[in-house]
Amino acid sequence: MDRRRMTVIGVLVAAAGLTAAVTVPSFAGEEPRRAAPAADGVAPEVLDAMGRDLALTRDQAVKRLRTERWAAGTVTRLRGELGAGYGGSWLSADGATLTVAVADQAGEARVRAAGAVPKRVARGVAELDAVKSRLDAAGADASPDVAGWYVDVADNAVVVIARPGAEADGRRLAAAAGSNAGMVRVRTADEAPRPLFDVRGGDAYLINNAGRCSVGFSVVGGFVTAGHCGRPGDRTTGSNRVAQGTFAASSFPGDDWAFVRVNADWTPQGVVTDFADGGTVAVNGSTEAPVGASICRSGSTTGTRCGLIQAKNATVNYPEGTVTGLTRTNVCAEPGDSGGAWLSGDQAQGVTSGGSGDCTRGGTTFFQPVNEILQRNNLTLVTAGDQPAPTQPPAGGGETTPPATVEPTPPAGDTECSGQVSRTGRIAAGRTQIQPDGRFYRVPDGTQEACLSAPDGVRAVLELQRFTGGAFRTVARAAAADGTARLTAETSAGAYRYRVVGLSGSGEYTLGFSAR
């Protein structure tokens, strides 16, 4: 299909004896509709979010934003005037006071004249940035117990964040970077940063960095969406412009469905974004709702909109060709909502195809039923029930903070997968867990062995990862056959961890492995 024709697509809809030429507004490649700004030039949505998260009234939020705009301009001017003597700047917790750090007395007078509060410091921000750059260069060899580092202008130092008990690792990193001990502070914090690349129904994604569509539903290995959004081989990125996946299958016209296979940086979640309150709505299955049932959809342009199912097995004549088997609704949609999720309660129903009208005047929108997409492509829907229990490590490799040393423990449950260390957990389709206990362990050179035991019907992959170049990278992999995966690898000394990746089914597993 010619991508240039996807911006606005005509459709001929015949219903109840009425034939009308209308347009399809919900295809990729359009910018979202902008909300009307508030009187002070600030979008109402921004003020509402500030009120929710910062406990501010609208007037307080507007006042704070005015001060922040003034502060930004003032800092830009002072930074140029102070040169090497500029030591950084920051606003007070209430956003009312701007403090500017200076390394000489002359700078203090300039800061006061500009309406800010000066603070004398020992070194300029350029010197601190140079220290931070040396840490960046040495960071590839940092311990995984070092969560990161940054310039703290208020403290006039560079701060290295280490997990409790790993302060020595932070000091070693500073020494390796050749940093002056007085310029680097090691602080402990329970931090375990990870990329927040979750796949959620309704979120935006880009096709070949051009057209925009919306995620339908998470499935094991990726997500489903509309077929007119892309063809096999087209590449997708998230709204954050981070590489996301590739269209593995697509059908349009005739049908209007597609499957995008995502890379390892993205974790499919069994939820749909709820733009009404910024949260998410659980997906717990795909039982088909009847005609007349209420239904809501989520899309990256117009958020959550609801209405009623009017008819099933509808045929729509797009200029590109006829699409059959769609479901007709009186819900509105707009450009960019294509591919987005349709829910009846907590049950997945389909992905947005096309429609007429808009969300100002109202409209008619059609969706491709999700069960057909799952069946045609042998896909497994990821549901909220597949999420690990709160006591388990977060998905996607996030870590909790138990002790870094791993003591031998007897195997729990299944004795088939015994080893020096044993851990148990719950795995499900589309979910990932990190063992031991969301952390890692250290071993010298030698052979590592592991065994994963899961219930019949559970398909999973066991991966051994080594911390290299500032990230954990897979060095060995084994797939579970008949509920058991066995892995043996010759490895060099270093920090390691296991990833247990669920492909289908769910249940408790036991992982036994050597860690010494």
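So, here's what we can say about the structure.

## Side note on the sheet that holds strand S10 (residues 204-207)
Taken together, seven strands build an open sheet; the order of strands is S11-S10-S14-S15-S16-S13-S12 and the sheet is antiparallel. Edge strands, defined here as strands with exactly one partner in the open sheet, are strand S11 (211-214) and strand S12 (217-219). Geometrically, the sheet is characterised by an average inter-axis angle of 35° between neighbouring strands, direction not taken into account. Alignment of S12 against strand S13 (residues 222-225), held across three bridges, turns out to be antiparallel. Each bridged residue has a counterpart across the sheet, and for Val219 the counterpart in S13 is Gly222. Helix-sheet contacts for helix H6 (residues 370-377) involve S12, S13, strand S15 (243-251) and strand S16 (257-262), and the interaxial angle to S16 is about 60°.

## Describing the pattern of salt bridges
Taken as a whole, this structure holds 22 salt bridges when the rule is applied. Residue Arg297 is joined to Asp337 by a salt bridge in which the shortest nitrogen-to-oxygen separation is 3.3 Å. Of this pair, Arg297 sits in strand S19 (residues 294-299) while Asp337 is found in the loop between strand S21 (321-329) and strand S22 (341-344), placing the two residues 40 residues apart along the sequence. When sorted by exposure, Arg297 lands in the same class as Asp337, which is buried. Beyond isolated ion pairs, a larger network of salt bridges with shared partners links Asp152, Asp155, Arg185 and Arg187.

## A few points about the state of the cysteines
Applying the stated criterion to the full structure yields three disulfides. Linked covalently through their sulfurs, Cys296 and Cys306 form a disulfide whose S-S length is 2.0 Å. Residues Cys296 and Cys306 share a disulfide whose torsion about the S-S bond is about 105°; that sign makes it right-handed. Taken as a pair, Cys296 in strand S19 and Cys306 in strand S20 (residues 303-318) lie far apart in primary sequence, ten residues in all. Using a relative accessible area of 28% as the deciding quantity, one classes Cys296 as partly exposed. In this model Cys332 forms its disulfide with Cys359; the gap between the sulfur atoms is 2.1 Å. Looking along the S-S bond of the Cys332-Cys359 disulfide, the torsion reads about 100°, which is the right-handed sense. With a gap of 27 residues between them, Cys332 in the loop between S21 and S22 and Cys359 in the loop between strand S23 (347-358) and strand S24 (362-369) connect regions that are remote in the sequence. Comparing Cys332 with Cys359 shows no difference in burial state: the two are buried.

## Considerations on the sheet that holds strand S18 (residues 279-282)
Within a beta sheet, neighbouring strands are joined by backbone hydrogen bonds and run either parallel or antiparallel to one another. In space, the three strands of this open sheet follow the order S9-S17-S18, with mixed pairing throughout. Each edge of the open sheet carries a strand with a single partner, namely strand S9 (198-201) and S18. In this sheet, neighbouring strand axes are inclined to one another by 55° on average, regardless of whether the strands run parallel or antiparallel. Of the pairings in the sheet, the one linking strand S17 (residues 267-274) to S18 comprises four bridges and is antiparallel in character. Residue pairing in the sheet places Val272 in a bridge with Val281 of S18.

Procedures and definitions
- Residues numbered from 1 in each chain as written.
- Predicted model: local features only at pLDDT ≥ 70, side-chain atom pairs only at ≥ 80, totals over all residues.
- Heavy atoms only, no water.
- Pairing = 2+ DSSP bridges.
- Helix = DSSP H or I, 4+ residues; strand = E, 2+ residues; numbered from the N terminus.
- Axes fitted to C-alpha atoms, helices over the stretch in contact; angles between N-to-C directions.
- Contact = heavy atoms within 4.5 Å.
- Salt bridge = Lys/Arg side-chain N within 4 Å of Asp/Glu carboxyl O.
- Buried < 20%, exposed > 50% of the residue type's maximum accessible area, 1.4 Å probe, protein only.
- Disulfide = S-S within 2.5 Å.

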